[in-house]
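These are the residues of each chain, in order.
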Amino acid sequence: MKKVVKFGGSSLASSEQFKKVGAIIRADHDRRYVVPSAPGKRFSDDTKVTDMLYACYDAAEKGEDFSAQFEAIKERYNDIIKGLKLDLSLEEDYAVIEKNMKEHAGADYAASRGEYLNGKIMAAYLGYEFVDPAEVIMFDEDGDFMPLRTNKLMAKKLANLENAVIPGFFGAYINDGKIKTFSRGGSDITGSIVARAVEADLYENWTDVSGFLVTDPRVVENPKSVDIITYRELRELSYMGASVLHEDAIFPVRVAGIPINIKNTNRPSDKGTLIVAATSQKSENIITGIAGVKNFIAVDITKDMMNSEVGFCRKVLSAFEDNGVSIEHMPSGIDTMTVIVKQDAFQPKEQMILSAIQRSVKPDSIEIETDLALIAVVGRSMRAVAGISAKIFTSLANANVNVKMLDQGSSELNVIIGVNNKDFEAAIKAIYNAFVK
Ligand code: ASP
């Protein structure tokens, strides 16, 4: 068996946390490839090393004296090295990084050093080989990630290594070797890339929660966690704001059908959540998760006999496309169609879009509803059960929530409900209580 293990920043914030990680890795010989993040927060108002690096580079770029900021970063690493009693000095690396910052090597370069240095410590601590992602994770000239090229290089590099540490979050441009990072939280993607390259049996993603929660703990107190969830369900929920993994982390492992296990470094015996391609296991509560986002706008277009007018929808949608506004949902009736878009994307282009619709389809009326929240109720088991919608609507009616919009995908994997922003929390609570025991 081969496992790839990625540890998030809070799992590596201090030498105490490093020791927990070391124990986890040593407890299972299959945990052969390790992807560390940069040290995260040690306590709630602490600063992540990545943020310290961005701030430090900002000062360097402005030509300000950044020595105190740089010292504070060195201290974070030196504390870890000391706490682990390692015979390791990063002084040479620090000197190179400081010099490169002075020479304006770029914010991506600066931020990436958080993972780079932590990787060096991890490799020394475990006695594993260190692999520099700049040699194996590639981006094209436009900054787009190159999955195939990367997979080849990574697979080749790791083929002869029994164990290795591959720092998360960054790679390099293929043309000039300059460092480029993924977006924030991108070490999750690196873990997934490594898992695909070594054809791992499992990608363990270690963090500080015991898995994916049915809904947002800021809305529902102590929500249950999910044992097993499919990639598709997770995509639907992540798109709607649920976060446990970087949104793009699913793609590399999905291609290879490798399951991801979300685990808690502070409670390693908890099962966590397993993310899989497909499963015969039904969701315990019929629904798998509930997530939502506020601040959408519904543009309601009405015209008699719209359904028989060829090209009507296309013309309406072109008005949005021509103004670069992407469409989220499009529930429709016989003489009405509704286009749902993000409020902040729509508002600056509002008049251009409305006049384009006016010109191209001459509607009877256009109405705009603002401050709409969308809630996705997602579950692979919903398809097989009758009365799901009835249960959702009854729970919302009992909570006095007015449903403004409903959209059910034909896959029956999800139901999207539009409510007023002010009813968002009440709606999620009502649905959660109706389904989750
Ligand atoms: N250290 C980076 C961040 O804070 C990447 C990561 O932790 O995944 O975003």
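The rules we used
Residues numbered from 1 in each chain as written. Predicted model: local features only at pLDDT ≥ 70, side-chain atom pairs only at ≥ 80, totals over all residues. Heavy atoms only, no water. Helix = DSSP H or I, 4+ residues; strand = E, 2+ residues; numbered from the N terminus. Rg over C-alpha atoms; globule rule 2.2 N^0.38 Å. Buried < 20%, exposed > 50% of the residue type's maximum accessible area, 1.4 Å probe, protein only. Areas by Shrake-Rupley, 256 points an atom, 1.4 Å probe, with all protein chains shown as cover. Lys, Arg positive; Asp, Glu negative; His and termini not counted. Charge placed at Lys NZ, Arg CZ, Asp CG, Glu CD. Pairing = 2+ DSSP bridges. Contact = heavy atoms within 4.5 Å. Axes fitted to C-alpha atoms, helices over the stretch in contact; angles between N-to-C directions. Parallel < 35°, antiparallel > 145°, perpendicular 65-115°, else oblique. Left-handed = near helix turned anticlockwise from the far one by under 90°. Nonpolar A, V, L, I, M, F, W, Y, C, P; charged D, E, K, R; others polar. Near = heavy atom within 4 Å. Polar contact = N/O pair within 3.5 Å; in protein donor to acceptor, adjacent residues only side chain to side chain. Phe/Tyr/Trp six-rings, centres within 6.5 Å; stacked < 30°, edge-to-face > 60°. Core = buried A, V, L, I, M, F, W, Y, C linked by side-chain atoms within 4.5 Å.

Trainee: Give a detailed account of the overall build of the chain, specifying residues and quantitative values.
Mentor: Along the chain, the regular secondary structure elements total 14 helices and 17 strands. Taken against the 2.2 N^0.38 rule, which gives 22 Å for 437 residues, the C-alpha radius of gyration of the chain at 25 Å falls within 12% of a compact globule. Each of the three principal axes of the chain carries a C-alpha extent, and together these read 75 × 50 × 40 Å. Here the chain holds 437 residues, and the buried ones make up 52% of them. A total accessible area of about 20,000 Å² is found for the chain, and carbon and sulfur atoms account for 47% of it. For the chain, the distance from the average site of its 52 positive side-chain charges to the average site of its 61 negative ones is 4 Å.

Trainee: Now, about the sheet that holds strand β10 (residues 260-264): what can you tell me, with residues and values included?
Mentor: Here eight strands make up an open sheet; going across it, the order is β3-β5-β2-β1-β8-β10-β11-β9 and the pairing mixed. Every interior strand has two partners, whereas the edge strands, β3 (129-130) and β9 (228-230), have only one. The pairing of strand β1 (residues 3-7) with strand β8 (residues 202-207) spans five bridges and is parallel. Directly across from Phe-7, in β8, lies its bridge partner Trp-206. Where helix α8 (residues 231-239) meets the sheet, its contacts fall on β9 and β11 (273-276), and the angle it forms with β9 comes to roughly 80°.

Trainee: Lay out the packing of helix α10 (residues 312-322) against helix α12 (residues 350-361) in plain terms, naming residues and giving numbers.
Mentor: In a pair of packed helices, the angle between the axes and the distance between the axes together describe the arrangement. Interhelical geometry of α10 versus α12 gives an angle of 155° and a closest axis separation of 8 Å. Taken together, the axes of α10 and α12 are roughly antiparallel relative to one another. Here the hand of the crossing between α10 and α12 comes out right-handed. Where α10 approaches α12, its residues Phe-312, Lys-315, Val-316, Ala-319 and Phe-320 are matched on the opposing element by Ile-353, Ala-356, Ile-357, Ser-360 and Val-361. Of the residues in the contact of α10 with α12, the class split is eight nonpolar, one polar and one charged.

Trainee: Now, about the site of the ligand: what can you tell me, with residues and values included?
Mentor: Inspection of the region around the ligand gives Ser-37, Lys-48, Thr-50, Glu-115, Phe-169, Arg-184, Gly-185, Gly-186 and Ser-187 as its neighbouring residues. The side chain of Arg-184 places a nitrogen or oxygen atom 2.7 Å from an oxygen atom of the ligand. Contact with the protein chains removes 92% of the 270 Å² of surface that the ligand exposes when unbound. Across the shell around the ligand, the residue classes tally to one nonpolar, five polar and three charged.

Trainee: Run through unusual backbone geometry, naming residues and quoting values.
Mentor: Residues other than glycine seldom take positive phi values, yet Glu-199 does so here, at roughly 50°. Within the secondary structure, Glu-199 is located in the loop between α7 (187-197) and β8. Although it is not a glycine, Asn-222 sits at a positive phi angle of roughly 55°. Structurally, Asn-222 is set in the loop between β8 and β9.

Trainee: So what about the packing of aromatic side chains? Which residues, and what values?
Mentor: The full count for this structure, using the stated rule, is eight aromatic pairs. Taken together, a centroid distance of 6.2 Å and an interplanar angle of 70° make the contact between Phe-18 and Tyr-125 edge-to-face. With Phe-18 in helix α1 (residues 15-26) and Tyr-125 in helix α5 (residues 107-126), this residue pair connects regions lying 107 residues apart in the sequence. Ring pairing ties together the aromatic residues Phe-139, Phe-145 and Phe-182, which thus form one cluster.

Trainee: Which residues make up the environment of Ala-123, and what are the values?
Mentor: Mapped onto the fold, Ala-123 is located in helix α5. Expressed as a C-alpha distance, the spacing of Ala-123 and Pro-167, which sit 44 residues apart in the sequence, is 9.7 Å. Excluding anything up to four places from it in sequence, Ala-123 contacts Tyr-128, Glu-129, Phe-130 and Val-165.

Trainee: Now, about the sheet that holds strand β13 (residues 327-329): what can you tell me, with residues and values included?
Mentor: The pairing of strands in a sheet happens through backbone hydrogen bonds and is either parallel or antiparallel. An order of β13-β14-β12-β15-β17-β16 is seen for the six strands of this open sheet, with the pairing classed as antiparallel. Edge strands, defined here as strands with exactly one partner in the open sheet, are β13 and β16 (403-408). Direction aside, neighbouring strands of the sheet carry axes that sit 40° apart on average. Pairing of β13 with strand β14 (residues 336-342), which is carried by two bridges, proceeds in the antiparallel orientation. Note on β14: the bridge partner recorded for Ile-327 is Val-341. The strands that α10 touches are β12 (289-302), β13 and β14; relative to β14, the one it contacts most, it runs at about 20°.

Trainee: Account for the nonpolar core, naming residues and giving values.
Mentor: Core analysis: the largest hydrophobic core is formed by 73 residues, its most contacted members being Val-4, Met-154, Leu-158, Ile-166, Ile-392 and Ile-431. Non-local contacts of Leu-158, meaning those with residues more than four positions away in its chain, are made with Tyr-33, Val-131, Ala-164, Ile-166, Val-194 and Val-198.

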